[in-house]
Amino acid sequence: MADALSVIPASVLRNLSDKLYEKRKNAALEVEGIVKQLALSGDHEKISAVIKLLAKEFTYSPQANHRKGGLIGLAAATVGLTSEAAQHLEQIVPPVLNSLSDQDSRVRYYACEALYNIAKVVRGDLIIFFNQIFDALCKLSADSDANVQSAAHLLDRLVKDIVTESDQFSIEEFIPLLRERMNVLNPYVRQFLVGWITVLDSVPDIDMLGFLPDFLDGLFNMLSDSSPEIRQQADSALSEFLQEIKNSPSVDYGRMAEILVQRAASPDEFTRLTAITWINEFVKLGGDQLVPYYADILGAILPCISDKEEKIRVVARETNEELRSIKSDPAETFDVGAILYIARRQLDSEWEATRIEALHWISTLLDRHRAEVLCFLNDIFDTLLKALSDSSDEVVLLVLDIHACIARDPQHFRQLIVFLVHNFRVDHSLLERRGALIIRRLCVLLDAERVYRELSTILEGEADLDFACIMVQALNLILLTSSELSVLRELLKQSLVNAAGKDLFVSLYASWCHSPMAILSLCLLAQAYQHASAVIQSLVEEDINVKFLVQLDKLIRLLETPIFAYLRLQLLEPGRYIWLLKALYGLLMLLPQQSAAFKILRTRLKTVPSHSFNGDQLKRASSGNPCSQILHYSGSQITEDGNLRQDNGNLQSGINFASRLQQFVQMQRQHRMLEKSQEQSIARSSSTLSKEGPEAEESRGPQTSNSNLPPSRSSRRGLG
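Every chain's residues receive numbers from 1 upward, in the order its sequence appears when written. Only residues with pLDDT of at least 70 are given local features in this predicted model, and only at 80 or more are side-chain atom pairs given and counted; all residues enter the totals for whole chains, interfaces and linings. In computing side-chain properties, one takes all heavy atoms of the structure into account and sets aside hydrogens as well as water.

**Observations regarding the overall build of the protein chain**
Tallying secondary structure elements over the protein chain gives 36 helices and 2 strands in all. Partly exposed residues are those whose accessible area sits between 20% and 50% of the maximum for their type, while under 20% is buried and over 50% is exposed, using a 1.4 Å probe and protein chains only. Looking at the protein chain residue by residue over its 720 residues, the buried ones come to 50%. Only heavy atoms enter the contact rule, under which two residues are in contact if any of them lie within 4.5 Å. In the protein chain, 71% of the contacts between residues at least 6 apart in sequence involve partners at least 24 apart. Areas reported as accessible are Shrake-Rupley estimates using a 1.4 Å probe. Residue values count occlusion only from the protein chains shown. Entry remark: accessible area of the protein chain is about 32800 Å², with carbon and sulfur atoms responsible for 49%. For helices the rule is a DSSP run of H or I covering at least 4 residues; for strands it is a run of E covering at least 2, with both sets numbered from the N terminus onward.

**As for helix α22 (residues 393-406)**
To estimate the expected span of a helix, subtract one from its residue number and multiply by 1.5 Å. Taking 1.5 Å of rise per residue, 14 residues should cover 20 Å, and α22 covers 20 Å from first to last C-alpha, within 8% of that figure. Where burial is concerned, most of α22 is hidden: 10 out of the 14 residues are buried. For α22, the set of buried residues is Val395, Val396, Leu398, Val399, Leu400, Ile402, His403, Ala404, Cys405 and Ile406. Buried residues in α22 make contact with α19 (352-368), α20 (370-375), α21 (377-386), α23 (410-426) and α24 (428-446). Any pair of nitrogen or oxygen atoms within 3.5 Å is treated as a polar contact; in protein, a donor-acceptor pairing is required on top of that, and neighbouring residues in sequence qualify only through side-chain atoms on both sides. N-capping of α22 is provided by Ser392, with a side-chain oxygen placed 3.3 Å from the backbone N of Glu394.

**So, the packing of aromatic side chains**
Two aromatic rings from Phe, Tyr or Trp, using only the six-membered ring of Trp, form a pair when their centres are within 6.5 Å; if the ring planes differ by under 30 degrees the pair is stacked, by over 60 it is edge-to-face, and anything between is tilted. Applying the stated criterion to the full structure yields 20 aromatic pairs. Between Phe134 and Phe174, the ring centres sit 4.8 Å apart and the planes meet at 85°, which makes this aromatic pair edge-to-face. Of this pair, Phe134 sits in helix α8 (residues 130-140) while Phe174 is found in helix α10 (residues 171-181), placing the two residues 40 residues apart along the sequence. A relative accessible area of 1% places Phe134 in the buried class. Between the aromatic rings of Trp278 and Phe282, the centroid separation amounts to 5.9 Å while the plane-to-plane angle is 50°, which identifies the pairing as tilted. Of this pair, Trp278 and Phe282 both sit in helix α15 (residues 269-286), 4 residues apart, which is roughly one turn of the helix. Residue classification places Phe282 among the buried residues on the basis of a relative accessible area of 2%. Grouped by ring-pair contacts, the aromatic residues Phe130, Phe134, Phe169, Phe174, Phe192 and Trp196 constitute a single cluster. Whether a charge lies above a ring is judged from NZ of Lys or CZ of Arg, which has to be within 6 Å of the ring centre and within 35 degrees of the ring normal. Just above the ring of Tyr110 sits the side chain of Arg24; from NZ or CZ to the centre is 5.4 Å. Looking at Arg450, its charged tip hangs above the ring of Phe413, at a distance of 3.8 Å from the centre.

**What about the packing of helix α29 (residues 516-526) against helix α30 (residues 529-538)?**
For the pair α29 and α30, interaxial distance at closest approach is 8 Å and the crossing angle is 160°. Here α29 lies roughly antiparallel to α30, going by the angle between them. For the crossing formed where α29 meets α30, the hand is left-handed. Of α30, the residues touching α29 (which contributes Ile519, Leu520, Cys523 and Leu524) are Tyr529, His531, Ala532, Val535 and Ile536. To define axes, lines are fitted to C-alpha atoms, for helices over the stretch in contact only, and angles between the resulting N-to-C directions are given on a 0 to 180 degree scale. Roughly parallel refers to an angle under 35 degrees, roughly antiparallel to one over 145, roughly perpendicular to one between 65 and 115, and oblique to any angle outside these ranges. Throughout, a crossing is termed right-handed when the near helix is turned clockwise from the far one, and left-handed when it is turned anticlockwise from it by less than a right angle.

**Quick word on the pattern of salt bridges**
One speaks of a salt bridge when a side-chain nitrogen belonging to Lys or Arg is within 4 Å of a carboxyl oxygen belonging to Asp or Glu. Under the definition given, this model contains 31 salt bridges. Of the charged contacts in the structure, one is a salt bridge between Glu318 and Lys284, with a shortest N-O distance of 2.8 Å. Residue Glu318 is located in helix α17 (residues 310-325), and its partner Lys284 is located in helix α15; the two are separated by 34 residues in the primary sequence. Look at Lys284 and you get partly exposed, because its relative accessible area is 39%. For Asp390, the salt bridge identified is with Arg355, shortest N-O distance 2.8 Å. You can see Asp390 sitting in the loop between α21 and α22 and its partner Arg355 sitting in helix α19, a full 35 residues away along the chain. Residues Asp390 and Arg355 agree in their burial class; the two are buried.

**Topic: the side chain of Gln346**
Tracing the sequence through the fold places Gln346 in helix α18 (residues 336-346). Among the residues examined, Gln346 registers a relative accessible area of 10% and is labelled buried. Those residues in contact with Gln346 that sit more than four places away from it in its chain are Gly299, Leu302, Pro303, Thr354, Arg355 and Ala358.

**Some remarks on the nonpolar core**
Nonpolar cores were defined as sets of buried Ala, Val, Leu, Ile, Met, Phe, Trp, Tyr and Cys residues, with membership established by side-chain atoms within 4.5 Å. In this structure, Trp278 and Tyr452 are the most contacted members of the largest nonpolar core, which totals 239 residues. Each of domain 1 (1-168) and domain 2 (170-251) accounts for three or more of the residues forming this core. Contact partners of Tyr452, with chain neighbours within four places excluded, come to Ile439, Cys443, Leu475, Ile478, Leu479, Leu485, Leu488, Leu508 and Trp512. Annotation comment: domain bounds sourced from an automatic or database domain assignment.

**As for α17**
In this model α17 runs 23 Å from its N-terminal to its C-terminal C-alpha over 16 residues, within 8% of the 22 Å that 1.5 Å per residue would give. For α17, every residue scored as buried is listed here: Ile312, Val315, Ala316, Thr319, Asn320, Leu323 and Arg324. Considered in projection along α17, the buried side chains sweep an arc of 165° and stay on one side of the axis. More than 90 degrees from the buried face of α17, the exposed residues found are Glu310 and Lys311. Against α15, α16 (294-304) and α19 lie the buried residues of α17. As used here, the arc is the angular range of directions from the helix axis to the C-beta atoms.

Remember, this is a structural readout, not a statement about activity or role.
This is the structure:
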């Protein structure tokens, strides 16, 4: 300190702390000259003493003017040292850096000015303090004083020039600081950071691309800034980096993919578009590097397929197709389970397009990695079954395609049908809304006969008789009306002459017994007219209810459709198809005379030609309805219409019709017992309410209302 005082006059030190800038400036010039002389003489000890004096007594002084003088003095000393300043930077720069955060804005301003002048002298030697300078400039870029901001900008430009021309800059030491600052939300700081990223990226010797994952998330965060200028700068920087990625032979796609996946779900539209665009390029460029990240990428793409912005939807669809076209081996870190998890989760999406693409992915995985997918079947099966209730027909059809693909294995086929029947049982609305669509599609994909046989086997042992009746009626209606089941109908028409048809008839009969109309339809379809007549004769009083008549009405109307054209043509030969006439007249007698179905069937029967009968038959039919007496025809030489009896037994083409009729009668007896039990339960509940009176009913509340009673069979509806 004494050495410094001996070389710097007291007047200079006094003026250096003066409140007037001019006096401080002149004093600084004096200091510059003194230091220059000392440098020429090589007396660095005194130079160090002068710098120490300026730092300790001035820049760290509690007096603002002293601090200002110290800063201008340090800058002057550096100018005086010129080329020899580098060896004294450890003394000069720290006090200046400290002043950059001074509470006095004028001191901060002079600190910027001093560091600017120091930097101009030492240039690249200042690099060792780069991180501290950068940190200080980052804060000053958002300074409350406009003059300080302006001074900081000038200093910032100079430091950028120094860095770009220096070969001593360490990007490795700088990146942690940059990564930390990227989370700052202040718009001035953000502009400052983007500016530095752009400058450093322009330096050929600095590999910013290699460190892109460290600050990529921060850049994406700036895309949603409220300032259009910041958004534009961030977008420009990202575009430049993406172009570099396309031209670079080696890129760390994995770390960046994780960031992009998160940003693809951003609430900001521009951020989502940029992220999905990057993902699109990564999928095209990354190849095998991205295999471990396929599930995450898919999780980002699928929601974007349904984005409200068309540009995002287009890019997302393109990316999805690109990703699906890449064929990877599960042995190469391709995680089938992770992909399935994402696809299953997206099946709950509110957007139809996303659900459809999720199903396409499950289907693709089944085609390529069937064994692996089946290992995860328990995880996705319930979700796939739930998807059968989807509001979109396209989704339901895709789900059925997947189910059919899974059901190629016998054990999975059985599981599918069992679960399907279970879903119909617990959700009758699904059966009403989608039953026909589901059954028809499965018949196309899995063979109609196989599907119907399995359904019949399950329904034969169904404990819920009401549901079994509804389900059988639905299946019967599909069988009679769907074009997809035309082959099955043709096979059933040959039940009396073909072993395969007979086997199918017997297989369906067991479950069709749950519904009289279903059995009658099956018999008419199989041309088992005598048995149809026997079934009609077996019906008892309890069977003829509203529900029965509704189903009978449907059957009569179906007889007028093209499906039963063969049956109507057979009426041209009433002498040969006497049991067909008897069955139809039996149905006519069950219908109320004023019903539309009665009029339809009666009109049809009136058209039966009388000339087809022999003379005795015509005499018996001489009055009224020409066919009225046919019902008394003995038919002793005929079992089923058109087929001569070979013996007096009940077997015809291998079908034991007597046994089948007994099976039907027993099943209908069970249904009647169930209905009586339900009626008695309702009666007991009503009786209890009437005995307890209104007050007890009020005190009991909603628990005693009829809404809690088991629903009657007539309250449930099937398909059609």
